[in-house]
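Summary of the model geometry
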Amino acid sequence: MSTIQPLIVKTWKAAVNLRQATDKQLKAVLLQLADELEKNANVIIKANQLDVEKQDPANPKVDRLLLNKQRIAGIANAIRKISKLPNPSGKTLEKRRLHNGLLLQKVTVPLGVVGAIYESRPNVTFDIAALCLRSQNGCVLKGSSEADNTNQAAIRLIKKVLKANDIDPDCVTLLPADRETVQELFTATKYVDVLIPRGSDSLIQFVRKNSLVPVIETGAGVCHVYVEKEAAIKKAVNIVVNAKVSRPSVCNSVDTVLVDEQVAPVFLKQLQPLFNEHQVEVFADAKAYKLLKGYPHLQKATPEDFDREFLSLKCAIKVVKNIDEALDHIREHSTKHSEAIVSNNKKHCARFLQEVDAAAVYTNASTRFTDGEEMGLGAEIGISTQKLHARGPFALEKLVTEKWLLQGNGQIR
């Protein structure tokens, strides 16, 4: 069986070269990459069509795989935004002289080599490559077989631009798409500094349980919107609809709507026609089921439905007595990704912000804003739901670690 170690070693060595690159070079690479991506949009789309044609068109996850000119323009613009952000490496965090005369500094430095395992989202290839280049990290990318043609075309373009700017193209490496490569990547502790899984909960848990390389989780999102009794109903309906239908296949889309029993009749009545317009399938608890009777896409919820990340035009709805019950439900079922309350009660909003344990907590807004680009971070490798090193959008600012520098003149201890 062939081994991926030579590829990883090349990236490890190329990362040293990348750390010598000037800020001017790094910006030029990213700006040229954005331009070349738009110029070669048809090449990328043609490769992407080969991947899309292999999929079941009824699978809602095909939306994640699909690239078109509009989405490619969006990726190119994200790369341009990343180029304008300051390099997080090389910052002095602390500088002082010790009593013995040693000059001590704490500085930010690149992580080294970042590994990423992700499912059928080819835009991630560009996002991670751009973020790692801007922060002077090498990267090894393990995409899925479903997106392999698109990823191969993307890497060819990235390497072409790197070479044109005198940067070792091996600092960005796409590993073979076959699953056997994953096990070897898990043990590459000498050459890969951190491993980031991005995809389904099953993928994330598999990587977390099996990797010897330190893992930063970008967790699945079982996201909630709680419509509190003092919510402006029209506003609440617009927020819930946006959170569900604007892009249902992504991790920040809403999965469960909690609605206070005092406003449930009027809220659900106004929600129905808009959900029906998009053919949203609803899994309702007993109280919501009675109120939604006659809705054409209605199912009785099982307990398991409130732990589902649907990633499609499906949604669970539960009627709750008050904010206490809503908070209890979120505590029990949240994956700590994105949670929202819609209410005009400032006290309840403040309580929600304080008590809910999640990477992003909202008042009176859609959960769809949990996104690196939307938050002004350029892009993100994923949304981290853990609490060590990075939480929320795992973006440029978190692709560094710290190093202590001590300069002396013969001091001994």
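Cut-offs and rules
- Residues numbered from 1 in each chain as written.
- Predicted model: local features only at pLDDT ≥ 70, side-chain atom pairs only at ≥ 80, totals over all residues.
- Heavy atoms only, no water.
- Core = buried A, V, L, I, M, F, W, Y, C linked by side-chain atoms within 4.5 Å.
- Buried < 20%, exposed > 50% of the residue type's maximum accessible area, 1.4 Å probe, protein only.
- Contact = heavy atoms within 4.5 Å.
- Helix = DSSP H or I, 4+ residues; strand = E, 2+ residues; numbered from the N terminus.
- Pairing = 2+ DSSP bridges.
- Right-handed = clockwise from strand over helix to strand, strands pointing away.
- Axes fitted to C-alpha atoms, helices over the stretch in contact; angles between N-to-C directions.
- Parallel < 35°, antiparallel > 145°, perpendicular 65-115°, else oblique.
- Left-handed = near helix turned anticlockwise from the far one by under 90°.

The biggest cluster of nonpolar side chains holds 53 residues, and the ones touching the most others in it are Leu37, Ile79, Phe126, Leu141 and Val172. What leucine 141 contacts, discounting residues up to four positions off in sequence, is Ala116, Tyr118, Thr125, Ile128, Ile155, Val172, Thr173, Leu174 and Leu175. Among the nonpolar cores identified, the runner-up in size contains 34 residues, and Val280, Ala288, Ile317 and Ala340 belong to it.

Here valine 192 lies in the loop between α8 (180-186) and β6 (194-198). Overall, valine 192 belongs to the buried group, its relative accessible area being 2%. Along the chain, valine 192 and proline 273 lie 81 residues apart, while their C-alpha atoms are 51 Å from each other. Apart from residues lying up to four places away in sequence, valine 192 is in contact with Ile8, Val113, Gly115, Val140, Leu185 and Val213.

With that settled, the discussion passes to the pairing of strand β12 (residues 338-342). With five of its five residues buried, β12 lies for the most part within the structure. Sheet topology note: the strand β7 (residues 223-227)/β12 ladder contains four bridges and is parallel. Paired with valine 225 across the two strands is alanine 340, which belongs to β12. Looking at chain direction, β12 and strand β13 (residues 360-363) are connected through four bridges and run parallel. Looking at β13, one finds that alanine 340 is bridged to tyrosine 362. Following the chain from β12 across helix α14 (residues 346-355) to the adjacent parallel β13, one finds a crossover that is right-handed.

Let us now look at the packing of helix α3 (residues 41-52) against helix α7 (residues 148-164). What describes two packed helices is the angle between their axes and the distance between those same axes. Running from N to C, α3 and α7 point in directions that differ by 160 degrees, and their axes come no closer than 7 Å. If you check the angle between α3 and α7, you find them roughly antiparallel. Handedness of the crossing formed by α3 with α7: right-handed. Mapping the contact onto sequence places Ile44, Ala47, Asn48, Leu50 and Asp51 in α3 and Asp148, Asn149, Thr150, Ala153 and Ala154 in α7.

A word on the sheet that holds strand β10 (residues 298-300). Read from one edge to the other, the open sheet built from seven strands follows the order β10-β9-β11-β8-β7-β12-β13, with strand pairing classed as parallel. Each of the sheet's edge strands pairs with one partner strand only, and the pair in question is β10 and β13. The sheet shows a mean angle of 20 degrees between the axes of neighbouring strands, direction not considered. Taken together, the three bridges between strand β9 (residues 281-284) and β10 define a ladder with parallel strand orientation. By the bridge assignment for β10, valine 282 is matched with leucine 298.

Keep in mind these numbers describe shape, not what the thing actually does.
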